[in-house]
Amino acid sequence: MKRLFLLSGFLFICSFSAFAQNTKEQIKQLSKDKWQWMADKDVEKLDALFDEQAMFVHMGGSWGKERELNIIKSGFIHYKKADIHEVLDPIVIGNTVILLNRITLLAVVGSNEVSNPFMVTEVYVKS
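Residues numbered from 1 in each chain as written. Predicted model: local features only at pLDDT ≥ 70, side-chain atom pairs only at ≥ 80, totals over all residues. Heavy atoms only, no water.

(A) Spatial organisation of the packing of aromatic side chains. Under the criterion given, the structure shown has 0 aromatic pairs. When the ring centre of Trp63 is taken as reference, the NZ or CZ atom of Arg67 above it lies at 4.4 Å. (Phe/Tyr/Trp six-rings, centres within 6.5 Å; stacked < 30°, edge-to-face > 60°. Lys NZ or Arg CZ within 6 Å of the ring centre and 35° of its normal.)

Here it is as structure tokens:
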């Protein structure tokens, strides 16, 4: 099962079911898929990915998985597009993979469209 935590400035901690030879490429693809699911407001796929203990930290506050999914579903925050500029080579430590991305996120927050650069840390853990 895939799991994801989100913390400050976008820190994702996920668990996943397959640790194959091409784990690094699988994680890069999962990360890319996650951003698309967020843009598509696909809360079913995100619900399966985000861990129950996920914490989402934004400039305006922090909250857990349920609230983040409700915010995405309602469109209060619409993650329209993540332009991924750089993906560093994933770091594999045992059953854990750390992925660093440099992105520009285009989002609608409330009724305001915003674009912000972020350095994103995603941590995937085999379940």
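Back to the write-up after that little detour.
(B) Looking closely at the nonpolar core. Residues Trp35, Leu46, Tyr79, Ile103 and Leu105 are the most contacted members of the largest nonpolar core, which totals 26 residues. Those elements that provide at least two residues to this core are helix H1 (23-39), helix H2 (43-49), helix H3 (65-74), strand S5 (77-87), strand S7 (96-109) and strand S8 (112-126). (Core = buried A, V, L, I, M, F, W, Y, C linked by side-chain atoms within 4.5 Å. Buried < 20%, exposed > 50% of the residue type's maximum accessible area, 1.4 Å probe, protein only. Helix = DSSP H or I, 4+ residues; strand = E, 2+ residues; numbered from the N terminus.)

(C) Quick look at the pattern of salt bridges. Within this structure, the stated rule accounts for 9 salt bridges. As a salt-bridge pair, Lys34 and Glu122 come within 3.6 Å of each other at their nearest N and O atoms. Here Glu122 lies in strand S8 and Lys34 lies in helix H1, a separation of 88 residues in the sequence. For the pair Lys34 and Glu122, one class covers both residues: buried. A salt bridge links Glu52 to Lys65, with the shortest nitrogen-to-oxygen separation between them at 2.7 Å. Pair noted here: Glu52 is in the loop between H2 and strand S3 (55-58) and Lys65 is in helix H3, with a separation of 13 residues, a long-range link. (Salt bridge = Lys/Arg side-chain N within 4 Å of Asp/Glu carboxyl O.)

(D) Structural view of the pairing of strand S4 (residues 61-64). Here 4 bridges tie S3 to S4, and the two strands are oriented antiparallel to one another. Along S4, the bridge assignment pairs Val57 with Ser62. Where S3 folds back onto S4 in an antiparallel hairpin, the turn is made up of 2 residues. (Pairing = 2+ DSSP bridges.)

(E) Geometry of H1. Look at H1: 24 Å from first C-alpha to last across 17 residues, which is about the 24 Å you get at 1.5 Å a residue. Within H1 the residues assigned to the buried category are Thr23, Ile27, Leu30, Ser31, Lys34, Trp35, Trp37, Met38 and Ala39. The positive-phi residue at the C-terminal boundary of H1 is Lys41, with phi of around 60 degrees. (Expected span 1.5 Å × (residues − 1).)

(F) Spotlight on the environment of Leu30. In this fold, Leu30 is placed in helix H1. By relative accessible area, which is 7% here, Leu30 ends up buried. Along the chain, Leu30 and Leu49 lie 19 residues apart, while their C-alpha atoms are 9.7 Å from each other.

(G) Highlighting unusual backbone geometry. Here Lys41, not a glycine, exhibits a phi torsion of approximately 60 degrees, which is positive. Looking at the element boundaries, Lys41 is found in the loop between H1 and H2. By relative accessible area, which is 33% here, Lys41 ends up partly exposed.

(H) Highlighting H3. Of all the positions in H3, only Lys65, Glu68, Leu69, Ile71 and Ile72 are classed as buried. Along the long axis of H3, the arc covered by the buried residues comes to 160 degrees, so they all point the same way. For H3, the exposed residues set more than 90 degrees away from the buried face come down to Glu66, Lys73 and Ser74. (Arc of directions from axis to C-beta.)

(I) Region of interest: the pairing of S7. Note: S5 against S7, 9 bridges, orientation antiparallel. Each residue of the ladder has a partner; that of His78, found in S7, is Val108. Of the pairings in the sheet, the one linking strand S6 (residues 91-93) to S7 comprises 3 bridges and is antiparallel in character. The residue of S7 that forms the bridge with Ile93 is Thr96. Here S6 folds back onto S7, and the loop between the two strands holds 2 residues, one of which, Gly94, carries a positive phi near 60 degrees. Here S7 pairs with S8 via 14 bridges, running antiparallel. Directly across from Leu100, in S8, lies its bridge partner Thr121. Linking S7 to S8, which pair antiparallel, is a turn of 2 residues; within it Gly110 sits at a positive phi near 65 degrees.

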